[in-house]
Amino acid sequence: MTTKRYAALLRGVNVGGGKKLPMAELRQLLAELGHSDVRTLLASGNAALTTDSAASEDALAHDLEAAVEKRFGFSVACLVRDHAYLRAVVDACPFPAAELEGRQLHANFSSAPLDAERFAGIDPAAHLPEEFRLGDRVLYLYAPDGLGRSKLAEALAKPALNKGLTVTSRNWNTVVKLVELTA
């Protein structure tokens, strides 16, 4: 069997006072699911793991979602991405990441491919200097004043715009660290 390294990105845990999920317990849960070399990053639902499972990323995410709901009593959406994908996201970044602060650049990871038609209702000129670009199951967001002040991020987060998708955002520092942790 071939082992592979992945990142698990849990959406909306340990933010805003809800969905408390201690990272030590997440590591334990991932180990109980048969994964090894489990490490977490920050307290906001980022984990790196090794598995020899032949399961797809979607199947790994589904198993983790079900296990979290069973253990903690709440549902949480999860995306699982392998090292090669995360490395490709960093390499394909359309913004000058090395010149920006980590809080200015974000990757909004999506459960499915994104097409320009979905975002046709957003006027890019109305949000300048903020910008976004689409990649492979990722939306790159440049928000020079940070995500908390971003009107473009607010527009991109509208439920109607993301209907049928699981989307979770990570700042660029976290994305880079996840590449390192999954190497």
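Whatever comes next refers back to the structure up there.
Residues numbered from 1 in each chain as written. Predicted model: local features only at pLDDT ≥ 70, side-chain atom pairs only at ≥ 80, totals over all residues. Heavy atoms only, no water.

## Things to note about unusual backbone geometry
Backbone geometry follows two general trends: most residues other than glycine have a negative phi, and most peptide bonds adopt the trans configuration. Cis geometry marks the peptide bond from Leu-128 to Pro-129, where omega comes out at 10°. On the secondary structure map, Pro-129 appears in the loop between strand E5 (105–110) and strand E6 (131–135). One non-glycine residue, Asp-37, lies in the positive phi region at around 45°. Locating Asp-37 in the fold gives a position in strand E2 (residues 36–41). (Helix = DSSP H or I, 4+ residues; strand = E, 2+ residues; numbered from the N terminus.)

## A closer look at the packing of helix H3 (residues 83–91) against helix H5 (residues 172–182)
Relative orientation of the contacting elements H3 and H5 amounts to 140°, with a least axis distance of 9 Å. Relative to H5, the crossing made by H3 is left-handed. Here His-83, Leu-86, Arg-87, Val-89 and Val-90 of H3 come into contact with H5, specifically with Trp-172, Val-175, Leu-178, Val-179 and Thr-182. Split into classes, the residues belonging to the contact of H3 with H5 amount to 7 nonpolar, 2 polar and 1 charged. (Axes fitted to C-alpha atoms, helices over the stretch in contact; angles between N-to-C directions. Left-handed = near helix turned anticlockwise from the far one by under 90°. Contact = heavy atoms within 4.5 Å. Nonpolar A, V, L, I, M, F, W, Y, C, P; charged D, E, K, R; others polar.)

## What about the pairing of strand E1 (residues 4–10)?
In terms of burial, E1 is largely enclosed, as 6 of its 7 residues are buried. As defined by bridge partners, E1 adjoins strand E3 (residues 46–51) across 6 bridges and the pair is classed as antiparallel. When the bridges of E3 are listed, Ala-8 appears paired with Ala-47. Strand direction decides the pairing type here: E1 and strand E4 (residues 78–82), joined by 5 bridges, are antiparallel. For Leu-10, the partnering residue across the bridge sits in E4 and is Cys-78. (Buried < 20%, exposed > 50% of the residue type's maximum accessible area, 1.4 Å probe, protein only. Pairing = 2+ DSSP bridges.)

Interpretation note: all reported values are geometric properties and have no functional meaning in isolation.
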